[in-house]
Amino acid sequence: MTDLGTLAGGVSSAAFVINNNGQVVGLADTAAFDDFGNPVYAAFLEQEGVMSDLGIPGSGYSVGYAINDVGQVAGMTVDHAGSSFAYRWQAGTTRLLGLASNSELPACANAINNSGTIAGSVSVPGLVNSGQFDEWGDPIYFYVPVAHAAEWSPDNSPTLMSTPANYSSSAWGINSF
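The paragraphs below set out a description of the structure included in this document. (Residues numbered from 1 in each chain as written. Predicted model: local features only at pLDDT ≥ 70, side-chain atom pairs only at ≥ 80, totals over all residues. Heavy atoms only, no water.)

### Regarding the nonpolar core
Here is the rule we go by: Only buried residues count toward a nonpolar core. Its members are Ala, Val, Leu, Ile, Met, Phe, Trp, Tyr and Cys residues joined through side-chain atoms within 4.5 Å. The cut-offs for exposure are 20% and 50% of the maximum accessible area for each residue type, with area from a 1.4 Å probe on protein chains only; residues under the lower value are buried, those over the upper are exposed, and the others partly exposed. Numbering of helices and strands runs from the N terminus; a helix is a DSSP stretch of H or I covering at least four residues, while a strand is a stretch of E covering at least two.
Grouped together as the largest cluster of nonpolar side chains are 13 residues, with contacts concentrated most on Ala74, Ala86, Ile118, Val122 and Trp152. Elements that contribute at least two residues to this core include exactly β9 (107–112), β10 (118–133) and β11 (139–152). Ala43, Ile56, Ile67 and Trp89 belong to the second-largest nonpolar core, a separate cluster that totals nine residues.

Shown next, in the form of structure tokens:
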């Protein structure tokens, strides 16, 4: 077991995955605090004994969930307003991911293969049966975010996977085929 350490000023870190080249990604707290006094967590890349903040822009919280053998990182960032976004990071460049029709929908990137295809989820507004009825006996529906498994191609084109009504899904792994 190897102690990866922390980012400068931080006191804790959590590693999520290691690739075949020994690169590790995860999250670590920093010396910073948000407006509510909570520690700010940053996605990190550890390689050859050095932990580096990925520098995800506009983030109050970010995490690296996956790294492929090319060194591309997939993860999630939460901005200061509380909105979550999936991202792809490579060699210092971050690309936020979403749906082509609406990149502001909450999203998370959970896995990446060596081709650069990312698997995760996007939450879209969904009409859900509350299980209650109005005074005429009709079901009461309401809108809530419903997570759908999603895939982003290497060129960042999104595909939303089909999910049955009133159900959520998320992709947590992807093969190279």
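### Section: the side chain of asparagine 110
The line we're drawing: Here a polar contact is taken to be a pair of N or O atoms separated by no more than 3.5 Å, where protein atoms must pair a possible hydrogen donor with a possible acceptor and residues adjacent in sequence count only if both atoms sit in side chains. For this analysis, residues touch if any pair of their heavy atoms sits within 4.5 Å.
Secondary-structure assignment places asparagine 110 in strand β9. Judged by relative accessible area, which is 5%, asparagine 110 ranks as buried. A polar atom in the side chain of asparagine 110 sits 3.3 Å from the side chain of serine 170. Leave out the neighbours within four places in its chain, and asparagine 110 touches Tyr65, Ala66, Ala119, Gly120, Ser121, Ser170, Ala171 and Trp172.

### Examining the side chain of serine 62
Within the element layout of this structure, serine 62 appears in strand β5 (residues 59–67). Among the residues examined, serine 62 registers a relative accessible area of 2% and is labelled buried. A distance of 2.8 Å separates the side chain of serine 62 from the backbone nitrogen of alanine 43, its partner in a polar contact. If we ignore the near neighbours within four places in the chain, the residues touching serine 62 are Leu27, Tyr41, Ala42, Ala43, Ile56, Met76 and Thr77.

This is a description of form; function is not addressed.
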